[in-house]
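# Observations on chain architecture
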Amino acid sequence: FNKRDGRPAEHEILVCRLIDRPLRPLIAEGWRHETQLLSWVLSYDGVRTCDPLAITASATALWLSDVPLIKPVAASMVGYIDGQLVLNPTLEQMKHSRLNLTVAGTKDAVLMIEGAADFLPEDLMIEAVTFGHNAIKTQCEALEELGKVAGKEKKYDTIKPPIEGLQEMVDEKYTAQLDEIYNSDLSKEDLSSATSQFSETVVTEMEEIFPEEKASIKDAMKDLMCRRMFVKAKNEGTRIDGRKLDEVRVIEAEAGLLPRVHGSALFTRGQTQVVATATLGDSGMRQKMDRIDGMVQKRFYLQYTFPPSCVGETGRVGAPGRREVGHGNLAERALIPALPTEDEFPYTIRVESLVTESNGSSSMASVCGGCLALMDAGVPISSPIAGIAMGMLLGDKGAVSDENAVIVSDITGTEDGLGTMDFKVAGNKEGITTFQLDIKCEGLTLDTMKKALEQAKAGRLHILGEMDKALTEARGELPATVPKVIKLKIAEDSIGKVIGPGGKQIRALIEDFELTNINVEENGAVQVSGFDMKKMEEAKEMITLLTSQMGGGGRGSRGPKPEYVGPEPEVGKVYTGKITGIHNFGVFLEILPGAEDGSTPGCEGLCHVSELHVERVRNTEGFIKSMNTETLEVVYQGKNNKGKYQLSRKAVLEQKGVKARGDSGPPRAAPQEMSKDEVSVISQAIENAISD
């Protein structure tokens with residue numbers, strides 16, 4: 001059935017974040033107009049992903065509009081295939097790529113990075129970013145020329161200029177008081193309380209001098225806080241919580257704390273804590289997602305939950321927001337390269353990360369906790385994975401990073417809010433599996449990025465060492481609560497025998513042999529899951545018996561099914577067909593008789609449910625019974641690619657002028673039908689089922 005699009009799917013949410021992140025910091029400060037960017041995929045050839053194009057197109061629209069975007073922005077995608085960096089690779093090439101990197105920036109610097117890698121070293125990451133940024137430079141230069149020809153004048157007249165003397169007065173009156181707070185090594189709660197009191201004092205006193213300028217006063221106060229944080233780190237080499245620039249907060253990790261779940265872990269880093277659980281299921285438990293390039297079934301997925309209680313607030317709890325989707329996807333991509341193949345480990349794997357307390361980088365804590373939960377569940381990962389969030393402090397937040405930039409490891413919420421960079425990196429001891437960069441200044445130079453990656457590696461190695469204290473490797477046996485799995489393969493034309501009419505046979509097998517589930521793939525792969533191995537083996541023998549006795553169309557040892565040998569029907573001709581079978585997906589009819597002696601069958605075809613009437617038929621069996629007839633007039637429409645006859649009663653009705661109710665105009669276009677391949681597979685399975 002056709003329906004209106006609802007909430008954006010996960011992939012669309014992630015692309016929205018990709019668009020937003022590089023553009024937001026380059027819109028002129030003080031812009032207060034509601035601004036909406038709508039990015040539509042109007043036509044898609046299925047050759048390459050649309051993600052970098054969506055970023056560039058959205059940035060181009062802003063650059064040509066009167067919205068004060070400071071510089072043109074563009075994006076590119078980079079793959080790493082057979083030892084070579086590839087620009088904007090095709091989807092087919094990406095199947096063999098060890099790198100999936102999206103870069104966005106201006107011609108001067110990088111603004112955003114989103115990537116996943118197969119344990120690649122830091123030096124190669126820098127080379128890949130440089131490679132992608134070179135393509136961005138070319139695009140930005142072209143956009144500058146386009147802006148000269150087609151761009152509108154930027155709307156700066158509504159942006160309120162800075163109040164003369166306000167920033168200088170705030171600096172003079174409150175620098176010493178702020179430095180005293182920053183030098184007190186306060187906890188999160190005490191620091192929050194002290195800065196709140198400081199903010200209230202500044203606003204109250206400055207409003208007496210600058211009435212009705214509360215927003216400007218707060219901006220000046222925040223600017224002072226950012227600069228004093230930078231000065232403390234630059235001059236003293238320490239941060240406002242007393243740590244050194246490269247120091248990671250205290251880590252505590254515990255695995256196996258929940259007795260009934262398949263795998264669990266508690267990971268605490270400073271005042272950030274997550275409870276991660278891992279659950280194993282059969283192939284029927286895969287997460288199904290509809291994307292622009294078709295249906296995707298994810299064997300591994302990580303779901304991240306950030307309740308308001310973890311930051312001491314109340315609020316709505318429901319469907320995940322954009323932030324939760326993005327953080328969960330980042331942690332998921334970090335762990336994927338370490339997972340075993342399906343042949344090595346035939347389970348679907350789900351990790352849930354619940355943030356119980358947050359003060360900086362809960363997504364990287366989810367990587368660490370999720371990894372320990374997988375190991376606790378007995379998933380044989382190739383190596384432990386850890387993640388760390390890096391920050392950057394600048395004296396001038398509006399500038400491009402320079403040699404004075406201060407890189408800090410394992411940032412807190414305050415450093416994230418007042419700093420200019422959030423650079424998340426995850427991987428093992430050898431290389432990187434995922435990384436994400438967001439900045440609030442005009443760009444990040446490659447030299448600064450290289451420094452951040454080197455410092456991130458040291459922090460990652462430290463965290464991996466702390467995780468080893470909880471669990472050094474995956475447990476040797478699966479927990480007793482995990483269902484066992486047996487795999488087998490059957491012929492595709494025997495699938496109907498295992499499933500049965502309306503799933504009757506497969507449900508009986510599950511019930512009779514006390515199984516957890518039986519999942520049958522379209523290619524004939526069968527997965528039997530349960531807790532009693534003896535009964536599972538018996539179920540496997542029964543499935544083998546069913547398919548061997550009735551396989552090959554259900555004929556067993558009686559040879560191939562007889563085929564129609566008479567004259568072929570004429571395409572477009574109307575036939576009166578005898579109803580031979582009624583199913584949810586349509587009606588089988590015999591339109592030409594077979595041999596008189598019964599040695600060969602008649603010419604039988606399928607009238608799909610969408611071809612039964614000009615209006616939608618909701619219940620095929622009820623519709624045919626209501627007509628009280630054993631025959632139908634149908635048009636022969638030819639064979640599908642598997643040689644099956646296709647029939648249409650709707651075409652006969654349209655020839656007679658029958659229209660859908662309420663349709664006074666010409667006949668409407670036929671609704672979207674099942675593909676010929678889909679009809680062929682279903683009809684073949686049903687024919688096999690009823691032939692015996």
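For the structure given in this document, a descriptive report is provided here.

Rules used in this analysis
- Residues numbered from 1 in each chain as written.
- Predicted model: local features only at pLDDT ≥ 70, side-chain atom pairs only at ≥ 80, totals over all residues.
- Heavy atoms only, no water.
- Helix = DSSP H or I, 4+ residues; strand = E, 2+ residues; numbered from the N terminus.
- Pairing = 2+ DSSP bridges.
- Axes fitted to C-alpha atoms, helices over the stretch in contact; angles between N-to-C directions.
- Patch = residues over 30% accessible without salt bridge, like charges linked within 9 Å, V, L, I, M, F, W, Y side chains within 5 Å.
- Areas by Shrake-Rupley, 256 points an atom, 1.4 Å probe, with all protein chains shown as cover.
- Salt bridge = Lys/Arg side-chain N within 4 Å of Asp/Glu carboxyl O.
- Lys, Arg positive; Asp, Glu negative; His and termini not counted.
- Charge placed at Lys NZ, Arg CZ, Asp CG, Glu CD.
- Buried < 20%, exposed > 50% of the residue type's maximum accessible area, 1.4 Å probe, protein only.
- Contact = heavy atoms within 4.5 Å.

Once that is clear, we can look at the environment of Cys441. Looking at where Cys441 falls in the secondary structure, it is placed in the loop between strand E15 (432-439) and helix H11 (446-468). Separated by 231 residues in the primary sequence, Cys441 and Phe210 have C-alpha atoms spaced 28 Å apart.

Another point: the sheet that holds strand E10 (residues 300-305). Taken in spatial order, the five strands of this open sheet run E5-E6-E7-E11-E10, and their pairing is mixed. If you trace the sheet from one side to the other, it starts and ends with strand E5 (251-255) and E10, each paired once. Taken over all neighbouring pairs, the strand axes of this sheet differ in orientation by 15 degrees on average, direction set aside.

Where like charges cluster on the molecular surface, the negative patch consists of Glu514, Asp532, Glu537, Glu538 and Glu541. Following the sequence through the fold, Glu538 ends up in helix H14 (residues 533-554).

Okay, the pairing of strand E12 (residues 386-393) next. For a regular strand, side-chain orientation follows a simple rule: the groups alternate between the two sheet faces. Taken across its eight residues, E12 has eight buried, putting it largely inside the fold. Residues Ala386, Ile388, Met390 and Met392 of E12 are buried on one face, and the alternating residues Gly387, Ala389, Gly391 and Leu393, pointing to the opposite face, are buried as well. Of the pairings in the sheet, the one linking E12 to strand E14 (residues 421-427) comprises seven bridges and is antiparallel in character. The partner of Met390 across the bridge, within E14, is Phe423. Direction of pairing for E12 relative to strand E13 (residues 406-409): antiparallel, over a ladder of four bridges.

On to the pattern of salt bridges. Within the structure shown, the criterion is met by 34 salt bridges. Linking Asp157 and Lys155 is a salt bridge whose minimum nitrogen-to-oxygen distance equals 3.7 Å. By relative accessible area, Asp157 is classed as exposed at 63%. For Lys487, the salt bridge is made with Asp343, and the minimal N-O distance between the two is 3.9 Å. Of this pair, Lys487 sits in strand E16 (residues 484-489) while Asp343 sits in the loop between helix H8 (322-335) and strand E11 (348-357), placing them 144 residues apart in sequence. Owing to a relative accessible area of 70%, Asp343 belongs among the exposed residues under this scheme. Connected through salt bridges with shared partners, the residues Arg239, Asp241, Arg243, Arg249, Arg269, Asp410 and Glu415 form a single ionic network.

With respect to the element layout, Ser358 can be found in the loop between E11 and helix H9 (362-376). For Ser358, a relative accessible area of 8% gives the class buried. Sequence-distant contacts of Ser358, that is, excluding residues within four places in its chain, are made with Lys188, Gln271, Thr272, Phe306, Cys310 and Val311.

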